[in-house]
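# Report on the structure
Each chain, written out:
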Amino acid sequence: MTPENAVSVHDVVVDYRTPRGPVRALDHTSLDIAGGSSVAIMGPSGCGKSTLLGLLAGLAVPTAGTVTIGDQVVSGLSERARVRFRRQALGVVYQADNLLPHLTIEENVALAAAICRRSSTVDALDVGVLLARLGLEGLATRFPDQLSGGQRQRAAVARAVVHRPRLILADEPTGALDPANARGVIELLIDLHHDVGATLVIVTHDPAIAAYATTRVDLARPATKMEASHVG
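Rules used throughout
- Along each chain, numbering runs from 1 in the same order as the chain's sequence is written.
- Local features in a predicted model are, by the rule used here, given only for residues with pLDDT of at least 70; side-chain atom pairs are given and counted only at 80 or more, and totals for whole chains, interfaces and linings are based on all residues.
- Heavy atoms from the whole structure form the basis of all side-chain values; hydrogens and water molecules are not counted.
- Paired strands, as defined in this entry, are two strands with at least two bridges between them according to DSSP.
- Where helices and strands are cited, they refer to DSSP runs of H or I of at least four residues and of E of at least two residues respectively, numbered from the N terminus.
- For this analysis, a salt bridge means a side-chain nitrogen from Lys or Arg found within 4 Å of a carboxyl oxygen belonging to Asp or Glu.
- Whether a residue is buried, partly exposed or exposed follows from its accessible area with a 1.4 Å probe, protein chains only, as a fraction of its type maximum: under 20%, in between, or over 50%, in that order.
- Whenever two N or O atoms come within 3.5 Å, that pair is a polar contact, provided that in protein one can donate a hydrogen and the other can accept it, and provided that, for residues adjacent in sequence, both atoms are side-chain atoms.
- Note on definitions: a residue-residue contact is assigned when non-hydrogen atoms from the two residues lie within 4.5 Å.
- Each nonpolar core is a collection of buried residues, namely Ala, Val, Leu, Ile, Met, Phe, Trp, Tyr and Cys, held together in the definition by side-chain atoms within 4.5 Å.
- Per residue, pLDDT measures the predictor's confidence, with a range of 0 to 100.

Take the pairing of strand 1 (residues 7–18) next. Looking at chain direction, strand 1 and strand 2 (residues 21–33) are connected through nine bridges and run antiparallel. The residue bridging Tyr16 from the neighbouring strand is Val23, located in strand 2. Relative to strand 4 (residues 64–69), strand 1 is paired through five bridges, and the arrangement is antiparallel. Across the sheet, residue Val9 finds its bridge partner in strand 4, namely Val67.

Printed below as a string of structure tokens:
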């Protein structure tokens with residue numbers, strides 16, 4: 001049986017229609033990620049890093065090929081089923097924290113836990129304990145605009161992992177942070193992916209951030225192949 005947090009991308013093609021004709025974002029891309037591992041995806045602008053992450057998140061489906069998480073062929077699900085799968089199984093951290101401004105930090109994280117409980121039988125982490133683990137215990141009742149950029153991103157990490165996801169996806173999670181805060185956030189992501197037993201996939205342009213992952217995948221522009229190499 002395939003581990004529920006293993007990832008397989010098989011011969012994926014993604015084409016977009018534009019006024020000037022079709023544009024290929026991913027060209028026969030294949031990738032296998034072992035369950036519980038951490039992977040950094042790098043490559044030049046336009047190579048399809050964010051497109052690949054969107055496929056893993058079930059936000060889109062490929063033009064051809066398959067995306068499988070555990071035994072679930074995510075690319076074959078209906079849009080409604082992908083939404084349900086995303087709530088149950090995935091945690092996503094973006095470069096922008098996307099916190100709801102009218103809710104406190106504690107409420108932002110608790111809302112994510114409540115949504116996941118309604119859509120599955122998942123056992124969520126204790127919100128207070130998680131915020132304390134991330135150094136936010138004294139800031140739980142503050143609103144997002146009362147926090148620094150690094151604190152907001154840590155809150156976004158808490159929201160992404162509170163439901164113990166099997167797969168954590170991070171799209172340039174440190175791109176808007178200074179080096180010290182970036183290092184702190186990525187170290188927390190690495191620790192938490194171990195704590196909850198999740199597979200971690202990070203899209204980054206920063207080799208220093210990629211070095212925290214056990215495996216690095218370099219994407220080239222479409223029509224060329226990906227090359228994977230161990231970095232740690």
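Our focus in this paragraph is the pattern of salt bridges. Scanning the model with the defined rule gives six salt bridges in all. Arg24 is the partner of Asp27 in a salt bridge, and the nearest nitrogen-oxygen pair spans 3.1 Å. Residue Asp27 is classed as buried on the basis of its relative accessible area, which comes to 18%. The partner of Arg133 in a salt bridge is Asp191, and the shortest N-O contact between them spans 3.4 Å. With Arg133 in helix 4 (residues 127–133) and Asp191 in helix 6 (residues 179–195), the pair connects residues that are 58 residues apart, well separated along the chain. On the accessibility criterion, Arg133 (36% relative accessible area) is partly exposed. For Asp191, a relative accessible area of 35% gives the class partly exposed.

The residue Asn108 is located in helix 3 (residues 105–119) in this model. For Asn108, the side chain forms a polar contact with the main-chain oxygen of Leu103, separated by 3.2 Å. Discounting chain neighbours no more than four positions away, the residues touching Asn108 are Leu99, Leu100, Leu103, Pro144 and Arg159.

With phi around 55°, His28 is a residue other than glycine that occupies positive phi space. Mapped onto the elements, His28 comes out in strand 2. Non-glycine residue Glu172 carries a positive phi angle of around 50°.

Next up on the list: the nonpolar core. Leu130, Leu131, Leu134, Val162, Ile168 and Leu189 are the most contacted members of the largest nonpolar core, which has 36 residues in total. At the level of secondary structure, the elements contributing two or more residues to this core comprise helix 3, helix 4, helix 5 (149–161), strand 7 (167–171), helix 6 and strand 8 (199–203). The element contributing the most residues to this core is helix 6, with seven residues. Contacts of Leu189, omitting those with residues within four sequence positions, involve Val93, Val157, Ile168, Ala170, Pro173 and Leu200. Counting residues in hydrophobic clusters, the runner-up holds 31 residues, among them Val14, Cys47, Ala57 and Phe85.

Here we come to the sheet that holds strand 5 (residues 72–73). Ordered by their spatial adjacency, four strands build an open sheet running 2-1-4-5, and the pairing between neighbours is antiparallel. Edge positions in the open sheet fall to strand 2 and strand 5, since each of these has one partner strand only.

Right, let's talk about the environment of Ala114 for a bit. Locating Ala114 in the fold gives a position in helix 3. Sequence-wise, Ala114 and Val92 are 22 residues apart; in three dimensions their C-alpha atoms are separated by 16 Å.

Before going further, it helps to examine the confidence of the model for the protein chain. This prediction gives the protein chain a mean pLDDT of 87; 91% of its residues lie at or above 70. Per-residue pLDDT stays below 50 along residues 224–232; that stretch engages in 24 contacts with residues further than four places along the chain or on separate chains.

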